[in-house]
Amino acid sequence: MPVKAAPSRKHQLNQLAERANFVRTETVRLTRIAGAGHYSAVFSCAELFAVLYYAQLRLDPARPDWPERDRFVLSKGHAAIGLYPVLADLGYFDKSELDTYTRLGSPFGDHPDMKRIPGIDFSSGSLGHGLSVSVGMALAGRMSELDYRTYCLLGDGELAEGQIWEAAMSAGHFGLGNLVAIVDANQLGIDGFVRDIMPAEPIDERFSAFGWQTHRVDGHDIGALLDLFAALPDPGGSRPQLIVADTIKGKGVARMELSPDWHVGNLVGADYDDVMAELGSGSTHGN
Amino acid sequence: MATDTQDQSEIFNGTANVGLKDTRSVDGTDTRTIPAFVFGEELADLAEHDPRIVVLTADLGRSNRALDFAARHPTRFVNVGIAEKNMITIAAGMASCGYVPFAATFGSFAALLCAEQIRTDCAYPDLPVRVVGHHSGMSMGFYGTSHHSLEDLGMMRTIADLTVVCATDANHLRALLRLSLNHPGAMYLRLGRGRDPEVYAAVPELILGRAETVRDGSDLTIIATGSEVHPAVQAAEILAAQGISSRVVDMWTISPLDRAAVLDAAESTGAVLTVEEGNVTGGLGTAVAEILLEAGARVPFRRHGVPDEHVPVGPPAALYAHYRLDAPGIAEVAHELLTSTKGKQA
């Protein structure tokens, strides 16, 4: 088996990189339908979406309400535009439905609606709530004696919300080893750098002080993400897990990387074509 | 294994070494039989047969008697500490996994501090979270504005897909808790301080959206809710001695409101007085006014409650008298309504 292990790993890395690119190209495509949308906060977590949904989460798209599934709470709900294509790709709903994005009556708005979209475990949009939701899901899992994990994706700017720290304190106190919080530390808020607006660092030390076991990883390094998730301690443990994923807001599109101008935007005309070409959309679009 | 769970639960819920049998209120009254104090006990009974029930509080388990529940179901009780927003959203997360959580704290913190969590995390996803706001209105007296919830009815009833109900007394609260178990969406339950005298001698059979007529009459209808139902009944007795026959409607179901009961009150008795322990702006009185006006019912009408101001310092009983929200005060206001406006309408 060692002979096959290396090619298999390489194949997996390529596949996941290709799915991360799919997240980016679909985000660009869907934003054009809406006329405005979140680009750069999706691009920073595209590899996280790919690794979680195609390699890590225990899911069954045929049974979105399966009680034993892993939960995923997109606390940074404005990245939903990048998650919808993944859910469609996995078979939660028909891909053609994505084309209704933001049209009157569509299930798909800028922020995710758990009542309308199979595969969305909780509605989000107001920052600062998702970690509390996840604590509730993790408590429920323990009460029900189910061994699922709850994953929560947060932004680093979002950590300025006080409720995050209420939730962090309670997760540590309740000893929720079945809870995994991931901070997409993409460095930017809307008005500029998080470090200038309201610094969140040292994120890992702050969570550690509340009883969390912490990890730090390059959030665009698919191999490192795979290894880190695979090495998470048993969900029956007593320490919630925090992963600080160091990322670049706008990753993958040069004009957007670490630029505060692309939190929300709309690419039109030649700019749209240029960005799609930069992302190599020809190899991924329509997959 | 069971012992481990028990120990861990007692530690993280903070239920160890609590004198659960002490039911005295601050003035020494035995409060065992009044609303806030049957909250934990009734839920503990219901939880014997319903594994979905969990109870959360934010370091107020003594105040709301959630500890009565914790004593019997320690693994289904969560004390989040003084973090109300976290509590409501945790409850929502648990509800999304099949539980029916009752999250209890003072009404001021539940409704005002957590308004967004109630709307966005409970009502919008249509989850069966029961937000229990106790010690509502100005029942905390001299604790002051920070501890009063005079705005909660007005705020909560404007939230879509949120059911809003008020407990009248202990038996009524038991009925509400039972009714809530099979209600599909989110609810805000408004409770008093736990000292509300008995209106219902037995646990009533309640239907959501249908008010209870607790006394019939022909000259006037007093539509009251929560803690004001009992003084409204007493006021009706005072009025009866003055030759005025009053119907008293317990409008415990604020959202949905009982439209038919309101219109029938106007038609059958010809005058309507609403009474609530809350700011008159936006609450029960406003809701009733909307129905009357839109139906074209031109009857003498008055909203009685706390005017649009912050209440002064004072013991609860003094505040009720100050705002004429006690029985003599309500009777007085009713009398004014009938003498000052009914003649003009005729």
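You'll find the structure just up there.
All of these numbers come straight from a predicted model, not from anything done at the bench. (Residues numbered from 1 in each chain as written. Chains lettered and ligands numbered in written order. Predicted model: local features only at pLDDT ≥ 70, side-chain atom pairs only at ≥ 80, totals over all residues. Heavy atoms only, no water.)

Peer 1: How should I be thinking about the overall build of chain B in this particular structure?
Peer 2: The helix and strand tally for chain B stands at 13 helices and twelve strands. Scored against the burial criterion, the 346 residues of chain B give a buried share of 62%. At a minimum sequence separation of 6, the contacts of chain B that also span at least 24 residues come to 77%. (Helix = DSSP H or I, 4+ residues; strand = E, 2+ residues; numbered from the N terminus. Buried < 20%, exposed > 50% of the residue type's maximum accessible area, 1.4 Å probe, protein only. Contact = heavy atoms within 4.5 Å.)

Peer 1: Help me understand the sheet that holds strand β5 (residues 162-166) of chain B, please; the structure alone is not making it clear to me.
Peer 2: Remark on secondary structure: sheet strands pair via backbone hydrogen bonds, oriented parallel or antiparallel. Residue and element names in this part refer to chain B. Pairing is mixed across the open sheet formed by seven strands, whose spatial order is β2-β1-β3-β4-β6-β5-β10. The open sheet terminates on both sides in strands that have one partner only, identified here as β2 (77-79) and β10 (253-255). Ignoring which end each strand starts from, the neighbouring axes of this sheet average 20° apart. Sheet topology places strand β1 (residues 53-57) next to β2; three bridges connect them, and they run parallel. Within β2, the residue paired with T57 across the bridge is N79. Strand contacts of helix α2 (residues 39-47): β1, β3 (100-106) and β4 (130-134), with the helix running at about 155° to β1, the strand carrying the most contacts. (Pairing = 2+ DSSP bridges. Axes fitted to C-alpha atoms, helices over the stretch in contact; angles between N-to-C directions.)

Peer 1: Would you take a moment to explain helix α3 (residues 46-56) of chain A for this structure?
Peer 2: Counting along an α-helix, one turn takes 3.6 residues, and residues three or four places apart therefore face a common direction. With eight of its eleven residues buried, α3 of chain A lies for the most part within the structure. Listed in full, the buried residues belonging to α3 of chain A are A46, E47, L48, F49, A50, V51, L52 and Y53 of chain A.

Peer 1: Would you mind showing me how to read the sheet that holds strand β11 (residues 272-279) of chain B here?
Peer 2: Residue and element names in this part refer to chain B. Taken together, five strands build an open sheet; the order of strands is β7-β9-β8-β11-β12 and the sheet is mixed. Looking at strand neighbours, the two that pair on one side only are β7 (212-215) and β12 (301-306), the edges of this open sheet. Sheet twist, expressed as the average angle between the axes of neighbouring strands with direction ignored, equals 25°. Pairing of strand β8 (residues 220-224) with strand β9 (residues 246-250) involves five bridges; the strand directions are parallel. Bridge pairing in β9 places I222 opposite V248. Packing against the sheet, helix α9 (residues 229-241) makes contact with β7, β8 and β9, and its axis sits at approximately 175° to β9.

Peer 1: Is there a simple way to think about the interface of chain B and chain A in this case?
Peer 2: Interfaces are often described in size by the accessible area the parts lose on coming together. On the chain A side, the residues contacting the 28 residues of chain B number 25 residues. Summed over both partners, the interface of chain B with chain A comes to about 2,200 Å²; 61% of that surface belongs to carbon and sulfur atoms. Our enumeration of links across chain B and chain A arrives at one salt bridge. Two residues, K85 of chain B and E166 of chain A, come together in a salt bridge whose shortest N-O distance is 3.2 Å. Broken down by secondary-structure element, the contributors of at least two residues to the side of chain B that touches chain A are α1 (2-13), β2, α4 (84-95) and α6 (115-123) of chain B. Residue contributions to the side of chain B that touches chain A peak at eight residues, all from α4 of chain B. Considering only residue class, the side of chain B that touches chain A consists of 14 nonpolar, eight polar and six charged. (Buried area = accessible area lost by both parts, 1.4 Å probe. Salt bridge = Lys/Arg side-chain N within 4 Å of Asp/Glu carboxyl O. Nonpolar A, V, L, I, M, F, W, Y, C, P; charged D, E, K, R; others polar.)

Peer 1: Any chance you could explain unusual backbone geometry here in plain terms?
Peer 2: Glycine aside, negative phi is the norm for most residues, and most peptide bonds take the trans geometry. For the bond from E201 of chain A to P202 of chain A, the omega torsion is 0°, close enough to zero to count as cis. Tracing the chain through its elements places P202 of chain A in the loop between α7 (194-197) and α8 (203-209). Cis geometry is found at the peptide bond from S255 of chain B to P256 of chain B, where omega equals 10°. As for its position among the elements, P256 of chain B is in the loop between β10 and α10 (259-269). Phi is positive for R65 of chain B, close to 65°, though the residue is something other than glycine. Within the fold, R65 of chain B resides in the loop between β1 and α3 (66-72). Owing to a relative accessible area of 7%, R65 of chain B belongs among the buried residues under this scheme.

Don't take any of this as a statement about function, it's just geometry.
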